[in-house]
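The lines below spell out each chain.
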Amino acid sequence: MKTDTTAQAADHSVHLAPVRGRDRIDVLDIIRGIAILGIFYMNIPFMAGPVFAGAIGDVRNMGWSPADQTVWTIIQTTWEGTQRGMLEFLFGAGLMVTAARAMQPDGPVAIADLYIRRNLWLLFFGLFDIYVLIWPGDILHVYALCALALFPFRRLRPRWLITMGLAFSAFTLVGGVMQYRERASLQTTYLVASDKQSQGKVLSKDETKAVAEWRKIEKRIATVSPEMKPHVDEETKARNGGFFDYAGFMWSAYAFILNSGGLMFGIFEAFSAMLIGIALWKFGFIQGKRPTRDYLFMLAIGYGLGMGARYIGALEWMSFRPIPKTFWFTQESTRLLVSLGHISAINLLIRSGFGRGLLNPFKAAGQMAFSLYFLEQIIGLYIMFSPIGLHLPGAQGWAHLALQATMVIAILLVFANIWMRFFVSGPFEWIWRSLAYQERQPFKRARAPS
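Just so it is clear, the model here is predicted, and its values are computed rather than measured.

Engineer: I tried to follow the nonpolar core on my own but got confused; where do I start?
Structural biologist: Where a protein is soluble and globular, its nonpolar side chains tend to be buried together. Counting residues in hydrophobic clusters, the biggest one holds 107 residues, and the most contacted among them are Phe-89 and Ile-286. Among the elements that make up this core, the one with the highest residue count is helix 2 (residues 26-48) (14 residues). Every residue in contact with Phe-89, bar those within four places of it in the chain, is listed here: Ala-273, Ile-276, Gly-277, Leu-280, Ile-286, Leu-336, Ser-339, Leu-340 and Ile-343. Listed in part, the eight residues of the second largest apolar core include Tyr-190, Ala-193, Leu-203 and Ile-217.

As structure tokens, then:
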């Protein structure tokens, strides 16, 4: 006769193994595949450079032909940040897949142990991406840090998850509104002062200060700011030097991100979206369990309101003037809305035979997304733009870079579909899973019996 302790242990025993085959949810793989390949559109400008003078400085320094302006506007309106949004939602949903058997307070500790171990290894791979593959824009370490704190939130009700998940958007909304009001006030005072100057009238102290501040901002928009100039000079020298100069610049770029608060900003952004991802799973939204009308409604909101606001923001940015800009307070909320719009579109497409056929190739990409993410870094940082690779020039223009990204994405998509015919997972997935499960995982697919 078993003791209570033994019986309890038996009830809580659990077999841990990666999700494979028919247990996988196709739509999640497709979303993941689209997001991980699409992120290359965001990353290639930072790989090509100039980073400080162009990608995060004056976007015109990357190239500003009519084609460049069109491509930049399309990307800013439809895609920028949304691939992160989809991946962040998927991390939240992925927790629920992993923790399905640990939803009770006394659920199997082995599942929590596995979850923590997986994300500690993910943190290691993220640091590997930064310091070995020299990619300062790595998202893995950010997601790992967030995921390590995510497990206790699995049992919260969706309304609390969404409320907490929208806290970061609310924070950016309040901060953006304050910035908008401050700039609008400055603009009003400047316009009054300019009118008085044209009439030869004497300006007040506040008006004189407003004119000086307005012109200072105009100069900052038109030229490289003094704060950025040392970084611009360092980047130019590094990209024209040897590989270690190039690698040193990439490491210093990550240090710049840390020093400017970029890591903490990324953690708050990602963690908030992951909480929403858990709620989306509990609602059955992300995995395609909602009625068609729900996806049509969210598609209309995400693409109509979200993309509409982002398009207005892109036009404001392209004015290259110190005017108050709405995207200061809409940027995060519209990023989430458009990300939800993409998820809705994918779930709607997959319900038709044509749509499923169109999206089905991305399933393989989603199944080896971890490996594809590293391959993108290797291709961009080592093959395309490195001094030891093709050393392609920077400032090629947004349209040209988007074309190059499309070619790389197409190659990786074909590669993923061929690879997954012969192997259970991508090479980096295999390493990650073997480390997390503490045993060698299957790699090659078993041959079908003849």
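Engineer: Mind showing me how you'd approach the packing of helix 4 (residues 66-78) against helix 19 (residues 398-422) here?
Structural biologist: How two helices sit against one another is set out by the angle between their axes and by the gap between those axes. Direction vectors running N to C along helix 4 and helix 19 enclose 60°, while the axes themselves pass 7 Å from each other. As summarised for this structure, helix 4 and helix 19 are arranged oblique, according to the angle between their axes. Residue-level contacts link Ala-67, Asp-68, Val-71 and Trp-72 of helix 4 to Trp-398, Ala-399, His-400 and Ala-402 of helix 19. Partitioning the contact of helix 4 with helix 19 into residue classes produces six nonpolar, one polar and one charged.

Engineer: Help me understand the pattern of salt bridges in this model?
Structural biologist: Side chains that differ in charge, positive against negative, can pair when their charged atoms come close. The full count for this structure, using the stated rule, is 14 salt bridges. Among the charged side chains, a network of salt bridges with common partners joins Glu-80, Arg-84, Glu-88, Glu-269, Glu-332 and Arg-335.

Engineer: Got a minute to help me understand a nonpolar patch on the surface in this structure?
Structural biologist: On the surface, a nonpolar cluster with roughly 370 Å² of combined accessible area is contributed by Leu-127, Tyr-131, Val-132 and Trp-251. Here Leu-127 is to be found in helix 6 (residues 109-131).

Engineer: What am I meant to see in the side chain of Glu-269 here?
Structural biologist: On the secondary structure map, Glu-269 appears in helix 13 (residues 262-283). Discounting chain neighbours no more than four positions away, the residues touching Glu-269 are Arg-84, Glu-88, Phe-168, Glu-332 and Arg-335.

Engineer: What's the story with the packing of aromatic side chains in this structure? I'm lost.
Structural biologist: What describes a pair of aromatic rings is the distance from one ring centre to the other and the angle between the planes of the rings. What the rule picks out here adds up to 33 aromatic pairs. In this structure, Arg-60 is placed above the aromatic ring of Phe-320, and the distance from its NZ or CZ to the ring centre is 3.7 Å. Just above the ring of Trp-432 sits the side chain of Arg-118; from NZ or CZ to the centre is 4.4 Å.

Engineer: Sorry, what's going on with the packing of helix 4 against helix 14 (residues 292-318) here?
Structural biologist: Orientation of helix 4 relative to helix 14, taken along the N-to-C sense of each, is 140°, at an axis distance of 8 Å. Classed by the angle they form, the pair helix 4 and helix 14 counts as oblique. With respect to the hand of their crossing, helix 4 and helix 14 are arranged in right-handed fashion. For the pair formed by helix 4 and helix 14, the contact residues are Gln-69, Trp-72, Thr-73, Ile-75, Gln-76, Thr-77 and Thr-78 on the first element and Met-307, Arg-310, Tyr-311, Ala-314, Trp-317 and Met-318 on the second.

Engineer: Teacher, can you tell me more about the side chain of Thr-172 here?
Structural biologist: The residue Thr-172 is located in helix 9 (residues 167-198) in this model. Look at Thr-172 and you get buried, because its relative accessible area is 15%. A polar contact is formed between the side chain of Thr-172 and the backbone oxygen of Ser-169, at a distance of 2.8 Å. With sequence-adjacent residues up to four places away left out, Thr-172 is seen in contact with Trp-328, Phe-329 and Glu-332.

The rules we used
Residues numbered from 1 in each chain as written. Predicted model: local features only at pLDDT ≥ 70, side-chain atom pairs only at ≥ 80, totals over all residues. Heavy atoms only, no water. Core = buried A, V, L, I, M, F, W, Y, C linked by side-chain atoms within 4.5 Å. Buried < 20%, exposed > 50% of the residue type's maximum accessible area, 1.4 Å probe, protein only. Helix = DSSP H or I, 4+ residues; strand = E, 2+ residues; numbered from the N terminus. Contact = heavy atoms within 4.5 Å. Axes fitted to C-alpha atoms, helices over the stretch in contact; angles between N-to-C directions. Parallel < 35°, antiparallel > 145°, perpendicular 65-115°, else oblique. Nonpolar A, V, L, I, M, F, W, Y, C, P; charged D, E, K, R; others polar. Salt bridge = Lys/Arg side-chain N within 4 Å of Asp/Glu carboxyl O. Patch = residues over 30% accessible without salt bridge, like charges linked within 9 Å, V, L, I, M, F, W, Y side chains within 5 Å. Areas by Shrake-Rupley, 256 points an atom, 1.4 Å probe, with all protein chains shown as cover. Phe/Tyr/Trp six-rings, centres within 6.5 Å; stacked < 30°, edge-to-face > 60°. Lys NZ or Arg CZ within 6 Å of the ring centre and 35° of its normal. Left-handed = near helix turned anticlockwise from the far one by under 90°. Polar contact = N/O pair within 3.5 Å; in protein donor to acceptor, adjacent residues only side chain to side chain.

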